Amino acid sequence: MTLQQELAPTAPAKLVVEDVSKTFRTGRRVVHALDRISLQVAEGEFVCLVGPSGCGKSTLLNIVAGLERPDSGRILADGAPVAGPGRDRMVMFQEHALFPWLDVMDNLMFGLKLKPGLKDSERREVAMYYLRLVGLERFKNANIHELSGGMKQRIALARALAPNPKVLLMDEPFAALDALTREQLYGDIQHIWQERKKTIVFVTHNVREAACLGDRVVLFSPNPGRVQEQFRVDLPRPRDINSAELASHSTKIMRALKGHLPATEETAE
Amino acid sequence: MKRFLTAVSFFVGLLVLWQVLYSLKLWSPVLLPAPADVSIYLSEAALDGSLWTSIAVTMKRLLIGYIIGLIAGVPIGMATARLRVLRDTVGVLALGLQGLPSVCWVPLALLWFGQTEGAMLFVVIMGTLWSVILATETGVRNVNPIYVRAAVTMGSKRLHTLTRVILPASLPFIVSGMKQGWAFAWRSLMAAEIYVTILTGFGLGHLLHYGRELNAMEQVIGVMLVIVTIGVAADKIFFSPWENFLHRRWGTSG
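Below or above, wherever it landed, is the structure these notes cover. Keep in mind that this is a model prediction, so the values were computed, not measured.

Further remarks concern the overall build of chain A. For chain A, the helix and strand inventory stands at 8 helices and 10 strands. Computed over C-alpha atoms, the radius of gyration of chain A comes to 18 Å, within 12% of the 18 Å expected from 2.2 N^0.38 for 269 residues, which places it in the range of a compact globule. Overall, chain A is about 55 × 40 × 35 Å in size when its C-alpha atoms are taken along their principal axes. The burial tally for chain A puts 56% of its 269 residues in the buried class. For chain A, the proportion of contacts with a sequence separation of at least 24, taken over those separated by at least 6, is 71%. With an accessible surface of roughly 11700 Å², chain A has 49% of that area assigned to carbon and sulfur atoms.

On the side of chain A, 23 residues touch chain B, which itself brings 22 residues to the contact. Of all residues in chain B, the largest losses of buried area upon contact with chain A belong to T153(B), M154(B) and R249(B), amounting jointly to 37% of the total for that side. Seen at the junction of chain B and chain A, the total is 0 salt bridges. Summed over the shared surface of chain B and chain A, the number is 8 residue pairs in polar contact (both at pLDDT 80 or more). Secondary-structure elements contributing two or more residues to the side of chain B that touches chain A are α7 (145-153), α8 (158-169) and α11 (217-250) of chain B. Per-element accounting of the side of chain B that touches chain A gives the leading share, 7 residues, to α7(B). Split by residue class, the side of chain B that touches chain A holds 11 nonpolar, 7 polar and 4 charged.

All names here are of chain A. Read from one edge to the other, the open sheet built from 6 strands follows the order β6-β7-β8-β3-β9-β10, with strand pairing classed as mixed. Unpaired on one side and paired on the other, β6 (89-92) and β10 (226-232) mark the two borders of the sheet. Taken over all neighbouring pairs, the strand axes of this sheet differ in orientation by 20° on average, direction set aside. In this sheet, strand β7 (residues 167-171) lies alongside β6 in parallel orientation, the contact comprising 4 bridges. Looking across to β7, one finds that R89 is bridged to V167. Those strands touched by helix α8 (residues 244-259) are β3 (46-50), β9 (216-221) and β10, and its axis lies near 165° from that of β10.

Moving on, we get to the layout of surface pockets. Residue and element names in this part refer to chain B. Reported here for the second largest pocket is a volume of approximately 250 Å³. For the second largest pocket, the full set of lining residues is F11, V12, L14, L15, W18, P35, V38, S39, L42 and L225. Mapped onto the lining of the second largest pocket, the elements with two or more residues apiece are α1 (2-23) and α2 (35-47). Among the elements that line the lining of the second largest pocket, the one with the most residues is α1, at 5 residues.

Here we take up empty space enclosed by the protein. Empty space left among the atoms is revealed by rolling a probe the size of a water molecule over them. What the rule picks out here adds up to 2 cavities of 30 Å³ or more. Counted as a void, the largest cavity has a volume near 70 Å³. For the largest cavity, the full set of lining residues is M90(A), V91(A), M92(A), F93(A), H96(A), A156(A), R159(A), A160(A), A150(B), T153(B) and M154(B). Of all the secondary-structure elements, those providing two or more residues to the lining of the largest cavity are β6 and α5 (149-161) of chain A together with α7 of chain B. Its residues assigned to classes, the lining of the largest cavity comprises 8 nonpolar, 2 polar and 1 charged. Looking at the second largest cavity, the residues that line it are L15(A), V17(A), L39(A), V41(A), V47(A), L49(A), L60(A), V64(A) and V201(A). For the lining of the second largest cavity, the secondary-structure elements that each account for two or more residues are β1 (15-26), β2 (29-41), β3 and α2 (57-65) of chain A. Considering only residue class, the lining of the second largest cavity consists of 9 nonpolar, no polar and no charged.

All right, on to the pattern of salt bridges then. All names here are of chain A. Across all of its chains, the model carries 18 salt bridges over all chains by this definition. We note a salt bridge from E45 to R232, for which the minimum N-O separation is 3.3 Å. Separated by 187 residues along the polypeptide, E45 in the loop between β2 and β3 and R232 in strand β10 bring together distant segments of the chain. Taking relative accessible area as the criterion, E45 reaches 7% and is therefore assigned buried. With a relative accessible area of 47%, R232 lands in the partly exposed category.

So, on to the side chain of D171(A). Along the chain, D171(A) turns up in strand β7. Although D171(A) lies buried, it forms no salt bridge, and the closest oppositely charged side chain, R149(B), sits 6.4 Å away as judged by the N-O distance.

What follows covers the state of the cysteines. Here, disulfide denotes a covalent bond that connects the sulfur atoms of two cysteines. Residues and elements named next belong to chain A. Taken as a whole and assessed by the stated rule, the structure comprises 0 disulfides over all chains. Among the cysteines around C48, which has no disulfide bond, C212 carries the closest sulfur, lying 8.7 Å off. A relative accessible area of 0% places C48 in the buried class. With no disulfide of its own, C55 lies 13 Å from the sulfur of C48, the closest cysteine sulfur. Taking relative accessible area as the criterion, C55 reaches 0% and is therefore assigned buried.

So, about the sheet that holds strand β4 (residues 72-77) of chain A. All names here are of chain A. Taken in spatial order, the 4 strands line up as β2-β1-β4-β5 in an open sheet, and their pairing is antiparallel. Since the sheet does not close on itself, it has two edges, and those belong to β2 and β5 (80-81), each with one partner. In this sheet, β2 lies alongside β1 in antiparallel orientation, the contact comprising 9 bridges. From the neighbouring strand, F24 faces β2, where its bridge partner is V31. Here α2 sits on the sheet and contacts β1, β2 and β4; the angle it forms with β1, its principal contact strand, is near 120°.

Here the focus is the packing of aromatic side chains. Under the counting rule described, the total for this entry stands at 18 aromatic pairs over all chains. Consider the rings of Y129(A) and Y130(A), whose centres lie 4.9 Å apart with planes at 90°: the pair is edge-to-face. Owing to a relative accessible area of 0%, Y130(A) belongs among the buried residues under this scheme. Their ring planes at 65° and their centres at 5.9 Å tell us that F174(A) and Y186(A) sit as a pair that is edge-to-face. One end of the pair, F174(A), is in the loop between β7 and α6 (179-196); the other, Y186(A), is in helix α6, and 12 residues separate them in sequence. For the pair F174(A) and Y186(A), a shared accessibility class is recorded, and that class is buried. The ring of F99(A) is capped by R159(A), whose NZ or CZ atom sits 4.6 Å from the centre of that ring. It is K25(B) that lies over the ring of Y22(B); its NZ or CZ is 4.7 Å from the centre.

Reading the values: rules and limits
- Residues numbered from 1 in each chain as written.
- Chains lettered and ligands numbered in written order.
- Predicted model: local features only at pLDDT ≥ 70, side-chain atom pairs only at ≥ 80, totals over all residues.
- Heavy atoms only, no water.
- Helix = DSSP H or I, 4+ residues; strand = E, 2+ residues; numbered from the N terminus.
- Rg over C-alpha atoms; globule rule 2.2 N^0.38 Å.
- Buried < 20%, exposed > 50% of the residue type's maximum accessible area, 1.4 Å probe, protein only.
- Contact = heavy atoms within 4.5 Å.
- Areas by Shrake-Rupley, 256 points an atom, 1.4 Å probe, with all protein chains shown as cover.
- Buried area = accessible area lost by both parts, 1.4 Å probe.
- Salt bridge = Lys/Arg side-chain N within 4 Å of Asp/Glu carboxyl O.
- Polar contact = N/O pair within 3.5 Å; in protein donor to acceptor, adjacent residues only side chain to side chain.
- Nonpolar A, V, L, I, M, F, W, Y, C, P; charged D, E, K, R; others polar.
- Pairing = 2+ DSSP bridges.
- Axes fitted to C-alpha atoms, helices over the stretch in contact; angles between N-to-C directions.
- 1 Å grid on protein atoms, 1.4 Å probe; cavity = no way out; pocket = protein on both sides within 12 Å on 5 of 7 lines; lining within 4 Å.
- Points joined across faces, edges and corners; volume = space filled by probe spheres on them.
- Lys, Arg positive; Asp, Glu negative; His and termini not counted.
- Disulfide = S-S within 2.5 Å.
- Phe/Tyr/Trp six-rings, centres within 6.5 Å; stacked < 30°, edge-to-face > 60°.
- Lys NZ or Arg CZ within 6 Å of the ring centre and 35° of its normal.

Below you can see the structure in the form of structure tokens.
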């Protein structure tokens, strides 16, 4: 594989969630995290999963990632059943999950070194490309603890993008950041999504964030975890989280979300 | 540089205090020799080679036993962290034996191995092994699971995950376990050498022991100084680079 091929955007994958159920047992409590969920995500689509805590949206993401197995049902990525984690589906977590024993460059190289068919010098060039994409090439030799929260998430994004996956799975990646940093990252992620042509599944409990980023917002309801309603967001990009049009979309989703909240607030994740 | 000067003046001050105490003749010179006597002993022992031979004998025992303890301890610690069966058996055993001063192994070691290097190695290994096992186990169990999840999505598998993620992630714990193991091994080796004559080699502990037999306090104190110096040097040479690396990468205050 040449460097040009490696750096060319990959064809994004189509994801099919078929009848997926998952139940957790903690002591005597049984949680139906996912109850026969079916969902399709088109090639290159940006889909946001929203819902209250405990609605199973993160569980679904982990199942798509191959980090957890469903009790029943299956996931198809480009028609092939998902049997475990794979480089075609990279994950970005709420915690940055960067390795503190490696510097920024070696964090990006971690996944690239596991990818066959490239020379080490090419891997470094690939890593530099993604560091430039997130605007942090100056920090290639920095230690992780020296970076701010937003920079850490940018590096984590670069690390997830570096193996050139077809699908990017994001589990509340901006939840721990301050509002200003988060707004910058909304811009970045939209730009990168258009540039790199990924299928993105983005989990959040922030309705406005979902409306800002997603082509489609899938609203989950908890106990048992089900798809309650879906919303298309047909606003031009790049979108500004503070725009009035966006607010009208998010208000609609918020109303649907509130209509389904249980009387007693449950916060179990 | 300023820190270095502070340290130097501190130790020079200690030396001066020693000389003053000696000059006051509070104790008989047999009990408290002059700094000059000690340095005369040390230079003589260095010149006739007996000091270097003893240092070599002792360091060889220590290093070989320590390295065996490390090589065995880290994998065992990783295994006990990962497998509950091992944690409930080997882990508990390690916990118990870590509490046993390893000089307690000396009588058994002598019966099993005779007055040989084997007995000394055994004592050093017993001093190192359990600390390293326990520290590694704690380290591995404290690894944030998110690291493993992230690595697995990037295509890391079993052995790769173990050596490239779990092992480096537990390094802060392992290094402190290595230090503790080193301290235990060093102490128990000295105790063993002082109390037991080993026919295959004449170590620092023996040198100290014969100083006592000959009522040569300058020899006893001289050897003690050597032992202290080796301890400090080991810390600066073996452990400081690791700790500096940890401080730099993890951002813990150094």
